[in-house]
Amino acid sequence: MHIAIAGNIGCGKTTLTKMLAKRYGWEPRFEPVDVNPYLEDFYKDMSRWSFNLQIYFLNKRFKDVVEISRATDRTIIQDRTIFEDARIFAPNLHDQGYMSDRDFNNYTDLFDLMMSLVGLPDLLIYVRSSIPNLIAQISKRGREYEQSIRIDYLKGLNDRYEEWIKDYPGQVLIIDGDKCKFGDNPEDFRTITEEIDQRLYGLF
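Cut-offs used in this document
Residues numbered from 1 in each chain as written. Predicted model: local features only at pLDDT ≥ 70, side-chain atom pairs only at ≥ 80, totals over all residues. Heavy atoms only, no water. Pairing = 2+ DSSP bridges. Helix = DSSP H or I, 4+ residues; strand = E, 2+ residues; numbered from the N terminus. Axes fitted to C-alpha atoms, helices over the stretch in contact; angles between N-to-C directions. Contact = heavy atoms within 4.5 Å. Core = buried A, V, L, I, M, F, W, Y, C linked by side-chain atoms within 4.5 Å. Buried < 20%, exposed > 50% of the residue type's maximum accessible area, 1.4 Å probe, protein only. Parallel < 35°, antiparallel > 145°, perpendicular 65-115°, else oblique. Nonpolar A, V, L, I, M, F, W, Y, C, P; charged D, E, K, R; others polar. Left-handed = near helix turned anticlockwise from the far one by under 90°. Expected span 1.5 Å × (residues − 1). Arc of directions from axis to C-beta.

A. Up close: the sheet that holds strand β2 (residues 27–29). Spatial ordering of the open sheet is given by β2-β3-β1-β4-β5, a layout of five strands whose pairing is parallel. The open sheet has two edge strands with one neighbour each: β2 and β5 (172–176). Recorded for the sheet is a direction-independent mean angle of 20° between the axes of neighbouring strands. When strand β1 (residues 2–6) meets strand β3 (residues 76–79), the two strands line up parallel, connected through four bridges. Pairing of isoleucine 3 across the sheet is with isoleucine 77, part of β3. On the sheet, helix α3 (residues 46–70) packs against β1, β2 and β3 and is oriented at approximately 170° with respect to β3.

B. Spatial organisation of the nonpolar core. Ranked by internal contacts, the top residues of the largest apolar core, which has 60 residues, are Ile9, Leu16, Leu20, Ile125, Tyr153, Trp164 and Ile196. Here this core gets seven residues from one element, more than from any other, and that element is helix α4 (residues 82–95). In this structure isoleucine 125 touches Ile3, Ala4, Ile5, Ala6, Leu16, Leu20, Leu173, Ile175 and Ile196, once residues within four positions along its chain are discounted.

C. Spotlight on the packing of α3 against helix α5 (residues 101–115). Viewed as axis vectors pointing N to C, α3 and α5 meet at an angle of 5°, and their least axial separation amounts to 11 Å. On the basis of the axis angle, α3 is roughly parallel to α5. Here α3 contributes Phe51, Gln54, Ile55, Leu58 and Phe62 to the contact with α5, which in turn contributes Asp103, Asn106, Tyr107, Leu110, Phe111 and Met114. When grouped by side-chain class, the residues that make up the contact of α3 with α5 number eight nonpolar, two polar and one charged.

D. Main features of the packing of helix α6 (residues 131–141) against helix α7 (residues 151–166). Where α6 contacts α7, the two axes come as close as 10 Å, and the packing angle between them is 120°. One finds that α6 runs oblique with respect to α7. Two packed elements cross with a definite hand, and for α6 against α7 that hand is right-handed. Listed contacts from α7 to Ile131, Leu134, Ile135 and Ile138 of α6 are Ile151, Leu154, Lys155 and Asn158. Its residues placed into classes, the contact of α6 with α7 shows six nonpolar, one polar and one charged.

E. Broad picture of unusual backbone geometry. Non-glycine residue arginine 80 carries a positive phi angle of around 80°. Relative to the assigned elements, arginine 80 resides in the loop between β3 and α4. In this structure arginine 80 comes out as buried when scored by relative accessible area, which is 4%.

F. Representation of α5 within the structure. Taking 1.5 Å of rise per residue, the 15 residues of α5 would be expected to cover 21 Å, and the 21 Å separating its terminal C-alpha atoms lies within 8% of that figure. By the burial criterion, the buried members of α5 are Phe104, Tyr107, Thr108, Phe111, Met114 and Met115. Along α5, the residues classed as buried sweep out an arc of 120° about the axis, all on the same side. For α5, the exposed residues lying more than 90 degrees away from the buried face are Arg102, Asp109 and Leu113. Tucked inside the fold, the buried residues of α5 contact α3 and α4.

Pasting the structure below:
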């Protein structure tokens, strides 16, 4: 089984992935952030490094998806999906002038080919969050390369997340990240797990 966590930068995806993996005994797959050789350069010069960054993420994420599709004997929970790279981050970079038409078209063609080979997660969990909440979370975790993220960049991502999730064709659970403090409040986390139990196992 494939469970995936989606949401903007700083919404709490990694925290929720860890908590659900521990709660259910699922195998986690984390976003390759700290080892990404392009990330620091990207935040310094988005136009120069946007294509390199997105290809790196697409490559890593596709490898994960292929591996997950073959892991029929266990449940894997994934921190961020391949769809977010292609339907949110790359189009946002293109729209804001950080990725050229040529690079964006090349990237999109590659993604479409990859997606012809894989399916949707069994359950997508989308953590919705406002810009002020995202900024507070990004500041709190203190990654130096993230401190230069522009607010209009985050807003562009949020807008695209809302458009994407509105037409998402698979099973989705939406969490209000502003109100549901699952990392700090056990009651909020229990609310999430009860909903997951109902969606996946038919438990009430």
